[in-house]
Amino acid sequence: MPCNDTTAEITIHLDENDCLIDFTFSKITCNKEIGGSTGFLEYCRGKPAQEILSLEISELLDFFSPESDEDQFLLYMEWEALQAAIAQLLGISINNKRYQIASISCDESGTTINQVMSPLKEMPKIISCFKHEKNSPK
């Protein structure tokens, strides 16, 4: 990312059965898209909210095998933001004060969630099981 300001917003669209239709994730200050090229949206599209909520970052890192720290960081941000919004929509308490629902609207086409995310100071060190096994001596 070209600047340190990662204050962001995510807009999520679920269908009438609470399955993911789409989400956009962008920086508030400049509307620059965050992620989008990770493949995470395509992976989650059509999945029920509860199933998305059960996804683990380690499984996603193994599946997508991001090559750079930035790609891993972007996947992590998309995953965390999507999970936080869905959890809050479903009334599940999250232990992360960086996320705040700005609005939720429902109509015949489904549900739209707008969530604001405060900046992440740094990404936690995450090593996927696949990469860990690959690099460990046998």
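Residues numbered from 1 in each chain as written. Predicted model: local features only at pLDDT ≥ 70, side-chain atom pairs only at ≥ 80, totals over all residues. Heavy atoms only, no water.

Novice: Explanation requested: the overall build of the chain in the structure shown.
Specialist: Tallying secondary structure elements over the chain gives 5 helices and 4 strands in all. Of the regular secondary structure in the chain, the N- to C-terminal order runs β-β-α-α-α-α-β-β-α. The buried share of the chain, reckoned over its 138 residues, is 41%. By sequence separation, contacts in the chain at least 24 residues apart represent 56% of the contacts at least 6 residues apart. Here the chain displays about 8100 Å² of accessible surface, and carbon together with sulfur accounts for 49% of that area. (Helix = DSSP H or I, 4+ residues; strand = E, 2+ residues; numbered from the N terminus. Buried < 20%, exposed > 50% of the residue type's maximum accessible area, 1.4 Å probe, protein only. Contact = heavy atoms within 4.5 Å. Areas by Shrake-Rupley, 256 points an atom, 1.4 Å probe, with all protein chains shown as cover.)

Novice: Where do I start with the nonpolar core in this structure?
Specialist: Nonpolar side chains in soluble globular proteins tend to be buried together. In this structure, Ile12, Leu20, Phe23, Phe25, Phe40 and Leu82 are the most contacted members of the largest nonpolar core, which totals 32 residues. Among the secondary structure elements, those contributing two or more residues to this core are strand E1 (8–14), strand E2 (20–27), helix H1 (40–44), helix H2 (49–53), helix H3 (57–64), helix H4 (69–89) and strand E4 (110–117). Per element, the largest residue contribution to this core is 12 residues, and it comes from H4. What leucine 20 contacts, discounting residues up to four positions off in sequence, is Ile12, His13, Leu14, Leu41, Cys44, Arg45, Gly46, Lys47, Ile52 and Leu82. (Core = buried A, V, L, I, M, F, W, Y, C linked by side-chain atoms within 4.5 Å.)

Novice: When you look at the pattern of salt bridges in this model, what are you seeing that I'm missing?
Specialist: Side chains carrying opposite charge are able to pair once their charged atoms draw close together. Counted according to the given criterion, the structure contains 2 salt bridges. Between aspartate 22 and arginine 45 there is a salt bridge whose closest N-O contact spans 3.5 Å. Of this pair, aspartate 22 sits in strand E2 while arginine 45 sits in the loop between H1 and H2, placing them 23 residues apart in sequence. Look at aspartate 22 and you get partly exposed, because its relative accessible area is 25%. Classification of arginine 45 by relative accessible area gives partly exposed; the value is 42%. As a salt-bridge pair, arginine 98 and glutamate 80 come within 2.2 Å of each other at their nearest N and O atoms. With arginine 98 in the loop between H4 and strand E3 (99–107) and glutamate 80 in helix H4, the pair connects residues that are 18 residues apart, well separated along the chain. Each member of the pair arginine 98 and glutamate 80 is classed as buried. (Salt bridge = Lys/Arg side-chain N within 4 Å of Asp/Glu carboxyl O.)

Novice: Help me understand the packing of aromatic side chains, please; the structure alone is not making it clear to me.
Specialist: Two descriptors summarise a pair of aromatic rings, namely the distance from one centre to the other and the angle between the planes of the rings. On inspection of all chains with the given rule, the structure shows 5 aromatic pairs. Arranged with centres 5.5 Å apart and planes meeting at 70°, the rings of tyrosine 43 and phenylalanine 64 form a pair that is edge-to-face. On the criterion of sequence distance, the pair formed by tyrosine 43 in helix H1 and phenylalanine 64 in helix H3 is long-range, its members being 21 residues apart. Residue phenylalanine 64 is classed as partly exposed on the basis of its relative accessible area of 21%. Where phenylalanine 63 meets phenylalanine 64, the ring centres are 4.9 Å apart and the plane angle is 90°; that geometry is what we call edge-to-face. Relative accessible area serves as the criterion here: at 53%, phenylalanine 63 is assigned to the exposed category. Over the ring of tyrosine 43 we find lysine 47; its NZ or CZ atom is 4.6 Å from the centre of that ring. (Phe/Tyr/Trp six-rings, centres within 6.5 Å; stacked < 30°, edge-to-face > 60°. Lys NZ or Arg CZ within 6 Å of the ring centre and 35° of its normal.)

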